[in-house]
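# Observations on the model geometry
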Amino acid sequence: MSVGILGTGHYVPTKVVTNKDMEKIVDTNDEWIRTRTGIEERRIADDDTDTSDMAYFAAENALEEANVKAEELDLILVATVTPDSPFPSVACRLQDRLGATQAAAMDVSAACSGFMYGLITAKQFIDTKTYKHILVIGVEKLSKITDWEDRNTCVLFGDGAGAAVVGEVSEGKGILSFELGANGSGGKYLYQDEHDHLIQNGREVFKFAVRQMPKSAVNVIEKIGYNKEDVDYLIPHQANIRIMDAAREKLGISEDKMATSIKRYGNNSAASIPIALSEAVKNGNIKDNDLLVLVGFGGGLTWGAVALRWGK
Ligand code: UT7
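## Concerning the overall build of the protein
Of regular secondary structure, the protein possesses 10 helices and 13 strands. In summary, the protein has a C-alpha radius of gyration of 18 Å against a globular reference of 20 Å for 312 residues, a match within 12%. Counting only C-alpha atoms, the protein reaches 55 × 45 × 40 Å along its principal axes. Residue burial in the protein is summarised as follows: out of 312 residues, 59% are buried. Sequence separation of at least 24 residues holds for 78% of the intrachain contacts in the protein that already meet a minimum separation of 6. Of the roughly 12800 Å² of accessible surface on the protein, a fraction of 46% belongs to carbon and sulfur atoms. In the protein, 34 positive and 45 negative side-chain charges are present, and the distance between their average locations comes to 5 Å.

## A short note on the side chain of S113
Counting through the fold element by element, S113 comes out in the loop between strand 5 (104-108) and helix 5 (114-127). Within polar-contact distance, the side chain of S113 engages the side chain of T302 at 2.8 Å. Sequence-distant contacts of S113, that is, excluding residues within four places in its chain, are made with G296, F297, G298, T302, W303 and G304.

## A few points about the pattern of salt bridges
Applying the stated criterion to the full structure yields 16 salt bridges. Across the pair K20 and E23 runs a salt bridge whose closest N-O atoms are separated by 3.6 Å. Of this pair, K20 and E23 both sit in helix 1 (residues 19-23), three residues apart, roughly one helical turn. The exposure class of K20 is exposed, given its relative accessible area of 52%. Given the relative accessible area of 30%, E23 is considered partly exposed. D27 is the salt-bridge partner of R151, the closest N and O atoms lying 3.8 Å from each other. Taken as a pair, R151 in helix 6 (residues 151-154) and D27 in the loop between helix 1 and helix 2 (30-37) lie far apart in primary sequence, 124 residues in all. A relative accessible area of 62% places D27 in the exposed class. Where salt bridges share partners, they join D30, R34 and E40 into one cluster.

## With respect to the domain arrangement of the protein
Examined at the domain level, the protein breaks down into domain 1 (2-169) and domain 2 (174-309). Averaged C-alpha coordinates put domain 1 and domain 2 at centres separated by 15 Å. Listed as interface residues are 50 residues of domain 1 and, on the opposing side, 44 residues of domain 2. Of the roughly 3800 Å² buried where domain 1 meets domain 2, counting both sides, 65% is carbon and sulfur surface. Ranking the residues of domain 1 by area buried against domain 2 places C112, M116 and I145 at the top, with a combined share of 17%. Joining domain 1 to domain 2, the criterion identifies one salt bridge. K282 is paired through a salt bridge with E65; the nearest N and O atoms lie 2.6 Å apart. Linking domain 1 to domain 2 there are 21 residue pairs in polar contact (both at pLDDT 80 or more). Mapped onto the side of domain 1 that touches domain 2, the elements with two or more residues apiece are strand 1 (2-11), helix 2, strand 3 (41-43), helix 3 (51-66), helix 5, strand 6 (134-140) and strand 7 (160-169). Each residue belonging to the side of domain 1 that touches domain 2 can be placed in one class, and the counts come to 22 nonpolar, 18 polar and 10 charged.

## Some details on the site of the ligand
Around the ligand, 23 residues are found, and the nearest of them are T28, Q200, R203, N240 and N267. In the environment of the ligand, an oxygen atom lies 3.2 Å from a nitrogen or oxygen atom belonging to the side chain of W32. Contacts to the ligand include N267, whose side-chain N or O atom sits 2.7 Å from an oxygen atom. Summarising the interface, the protein chains cover 78% of the accessible area of the ligand, which totals 950 Å² for the free molecule. Judged by the proximity of its atoms to the pocket grid, the ligand belongs to the largest pocket. Mapped onto the shell around the ligand, the elements with two or more residues apiece are helix 2, helix 6, helix 7 (202-223) and helix 8 (241-251).

## Comments concerning the pairing of strand 6
Counted residue by residue, strand 6 has seven buried out of seven residues, so it is predominantly covered. Side-chain alternation along strand 6 places I134, V136, G138 and E140 on one buried face and L135, I137 and V139 on a second face that is also buried. Relative to strand 6, strand 4 (residues 75-79) runs parallel, the two sharing five bridges. Bridge pairing in strand 6 places I76 opposite L135. One ladder, built from seven bridges, connects strand 6 with strand 7; its direction is antiparallel. Bridge pairing in strand 7 links I137 to A163.

About the thresholds
Position numbers for residues count from 1 along each chain, tracking the sequence in the order it is written. Per-residue local features are limited, in this predicted model, to residues with pLDDT of at least 70; the limit for side-chain atom pairs, both in listing and counting, is 80 or more; totals at the level of whole chains, interfaces and linings are taken over all residues. Side-chain measures were taken over the full set of non-hydrogen atoms in the model, leaving aside hydrogen atoms and water. By definition, any uninterrupted DSSP run of H or I lasting at least four residues is a helix, any uninterrupted run of E lasting at least two residues is a strand, and each is numbered from the N terminus. The globule rule used here is 2.2 Å times the number of residues to the 0.38 power, and the radius of gyration it is set against is calculated over C-alpha atoms. The buried label applies to any residue whose accessible area, calculated with a 1.4 Å probe on protein chains only, is under 20% of its type's maximum; exposed applies above 50%, and partly exposed to all values in between. Contacts are residue-level and defined by heavy atoms, with any inter-residue pair within 4.5 Å sufficient. Reported accessibility uses the Shrake-Rupley method at a 1.4 Å probe radius. Residues are deemed covered only where the shown protein chains occlude them. Asp and Glu count as negative and Lys and Arg as positive, but His and the ends of the chain are not part of the count. Charge placement uses NZ in Lys and CZ in Arg. For Asp and Glu, CG and CD serve respectively. Under the rule applied, a polar contact is a pair of N or O atoms within 3.5 Å (in protein, one hydrogen donor and one hydrogen acceptor; residues adjacent in sequence only if both atoms are side-chain atoms). For this analysis, a salt bridge means a side-chain nitrogen from Lys or Arg found within 4 Å of a carboxyl oxygen belonging to Asp or Glu. For the domain bounds, the source is a domain assignment made automatically or taken from a database. Buried area, as used here, totals the accessible surface that two parts lose on assembly, with accessibility defined by a 1.4 Å probe and the loss added over both. Under the scheme applied, nonpolar residues are Ala, Val, Leu, Ile, Met, Phe, Trp, Tyr, Cys and Pro; charged residues are Asp, Glu, Lys and Arg; polar residues are all the others, including Gly. Nearness of a residue to a molecule or strand requires only that one of the residue's heavy atoms be within 4 Å of it. Detection works on a 1 Å grid of protein atoms alone, calling trapped sets that fit a 1.4 Å probe cavities and calling open sets with protein on both sides within 12 Å along at least five of seven lines pockets, with lining residues defined by an atom within 4 Å of a point. Think of it this way: if more than half of a molecule's atoms are within 2 Å of a pocket's grid points, that molecule is in the pocket or cavity. A pair of strands is treated as paired once DSSP finds two or more bridges between them.

Pasting the structure below:
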């Protein structure tokens, strides 16, 4: 028995905000945003759609793909830094709306690494045979903590949700190795201020990310005695194409073997990895038995990576 992903889902708002649209809001331009970040457009949720709504849409999608009923869920873990309210948690709101009457529920706070922390937490409960089905979600409505007057940050982020149903898969498949880490001394580089705005020292986070993300990606592969050449598909946190390329180049894999939803969605924080994963499954970019590396980093500072053999 091993622990893996039984189904994935995602939801992004319909409203598209292009780089040209951003030019009307702050002193920026399409060329700067594209070349410095890889972002072409992002999705922004309307006032009536809150974090738990997006989580719900992604969850329904993942439960259907996994062929698991909401009543069969034992635990719901929601990674987010933009909950509807500090409490009740997004996970509890979702538990009610899904009718997941048997499920315990809590939110996980690890910023952009939140989905990786949620996934590995879920793995522990299933490894110990405590639970059978766990819904893990990464969801953000970053538009509500974005300072729309700060060009350093407002061009970077977007809203959305990604979900995975985690459970038992056959031996040899599923999560083969993982790494989680934190360095709280870097908390000052990415945080929410007294006005509830997201504040970032882009250069410092960039330096940390280009160092940590490639390292973690290689670590999870080496832990299981595989070589970099064995990796079939890379799903990095979608924060900046230049950081993503650093991880890709370290693994020595070609551009077509890396998820790049950043172009269309920007940085969705905790939602970026599960959205990219769900899209890759649906587009046929991931096939049965593929060796995947999922790797994220973010505020905290935090990071996390997983090597995963796709399939049930
Ligand atoms: O998921 C959370 C993790 N976050 C990240 O991974 C973010 C990591 N950092 C980054 O991705 C990059 O640092 C940024 C994309 C945020 C910035 O790129 P950069 O190449 O590090 O640019 P910079 O901060 O060094 O700024 C270069 C110049 C500055 O002008 P001066 O001081 O050189 O005159 C900025 O004021 O670019 C200016 N600038 C902009 N210009 C046009 C900053 N934002 C913009 C903008 N449009 N939106």
